[in-house]
Amino acid sequence: TQAPTVTATEGGTMTVFYPVYNEGEGFCTNDPPADHGLSSLNGIVTSATNAECCTKHFSWQKSGFCFSQMANPPTQAPTVTATEAGTLTVFYPVYGEGEGFCTNDPPADHGLSSLN
């Protein structure tokens, strides 16, 4: 596989995410380095995704600030209602005879009234 590029794309964002350390809370971004006072990303460990970058560089944050800066940040309390596609935003185990499995189908599909 090819290494990701670290130059800005036409949309003005990078194909990799990198950490930005500032006073107090840091975050990850795929903005061009110059937007954050950097001349390049040489020597900076990059990640393929924003979540990977936050986990790698800011796992110590109790506030979750890095993750909160994401366009679609993860939540500690995912919804358990059906989405437009008819699936849930969480997975749960279905136990049956023999092998069990995990699914994000609506609970009614497996004879359950809810996930509570």
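All of these numbers come straight from a predicted model, not from anything done at the bench. (Residues numbered from 1 in each chain as written. Predicted model: local features only at pLDDT ≥ 70, side-chain atom pairs only at ≥ 80, totals over all residues. Heavy atoms only, no water.)

Visitor: Explanation requested: the overall build of the protein in the structure shown.
Guide: Along the backbone of the protein there are two helices and four strands. Traced from its N-terminal end to its C-terminal end, the protein shows the element sequence β-β-α-α-β-β. Residue burial in the protein is summarised as follows: out of 116 residues, 27% are buried. For the protein, the share of sequence-separated contacts (at least 6 apart) that also reach a separation of at least 24 residues comes to 31%. (Helix = DSSP H or I, 4+ residues; strand = E, 2+ residues; numbered from the N terminus. Buried < 20%, exposed > 50% of the residue type's maximum accessible area, 1.4 Å probe, protein only. Contact = heavy atoms within 4.5 Å.)

Visitor: When you look at helix α1 (residues 50-58) in this model, what are you seeing that I'm missing?
Guide: Each α-helix winds once per 3.6 residues, and so residues spaced three or four apart point in a common direction. Along α1, the residues classified as buried are Asn 50, Cys 53, Cys 54, His 57 and Phe 58. Taken end-on, α1 shows its buried residues confined to a sector of 100°, consistent with a single buried face. Against β1 (18-20), β2 (27-29) and α2 (65-68) lie the buried residues of α1. (Arc of directions from axis to C-beta.)

Visitor: Would you mind going over the state of the cysteines with me for this structure?
Guide: A covalent bond between the sulfur atoms of two cysteines is referred to as a disulfide. Evaluation of the coordinates by the stated rule reveals two disulfides. Here Cys 28 pairs with Cys 53 through a disulfide, and the sulfurs are 2.1 Å apart. What sets the handedness of the Cys 28 and Cys 53 disulfide is the S-S torsion sign, and at about -80° it is left-handed. Here Cys 28 is found in strand β2, whereas its partner Cys 53 is found in helix α1, with 25 residues between them in sequence. Per residue, the accessibility class of Cys 28 equals that of Cys 53, and both read buried. Each disulfide pairs two cysteine sulfurs, and for Cys 54 the partner residue is Cys 66, the sulfurs being separated by 2.0 Å. Around the S-S axis, the bridge from Cys 54 to Cys 66 shows a dihedral of about -80° and counts as left-handed. Of this pair, Cys 54 sits in helix α1 while Cys 66 sits in helix α2, and the two are 12 residues apart along the sequence. Of the residues examined, Cys 54 reaches a relative accessible area of 0% and is grouped as buried. Residue classification places Cys 66 among the buried positions, given a relative accessible area of 1%. In the protein, the bonded cysteines, taken in the order they occur along the sequence, pair up as 1-2, 3-4. (Disulfide = S-S within 2.5 Å.)

Visitor: Could you clarify how one ought to interpret the packing of aromatic side chains in this entry?
Guide: Ring pairs (aromatic) are described by centroid distance and by the angle formed between their planes. A complete count under the given rule lists two aromatic pairs for this structure. Through a chain of ring-to-ring contacts, three or more aromatic side chains come together here, namely Tyr 21, Phe 58 and Trp 60. (Phe/Tyr/Trp six-rings, centres within 6.5 Å; stacked < 30°, edge-to-face > 60°.)

Visitor: Quick question: what am I supposed to make of the side chain of Thr 29 here?
Guide: Summarising the element assignment, Thr 29 is placed in strand β2. Thr 29 sits in the buried class, given a relative accessible area of 6%. In terms of polar contacts, Thr 29 uses its side chain to reach the backbone amide nitrogen of Asp 31, at 3.0 Å. The contacts of Thr 29, once residues within four sequence positions are left out, are Val 16, Phe 17, Tyr 18, Val 20 and His 36. (Polar contact = N/O pair within 3.5 Å; in protein donor to acceptor, adjacent residues only side chain to side chain.)

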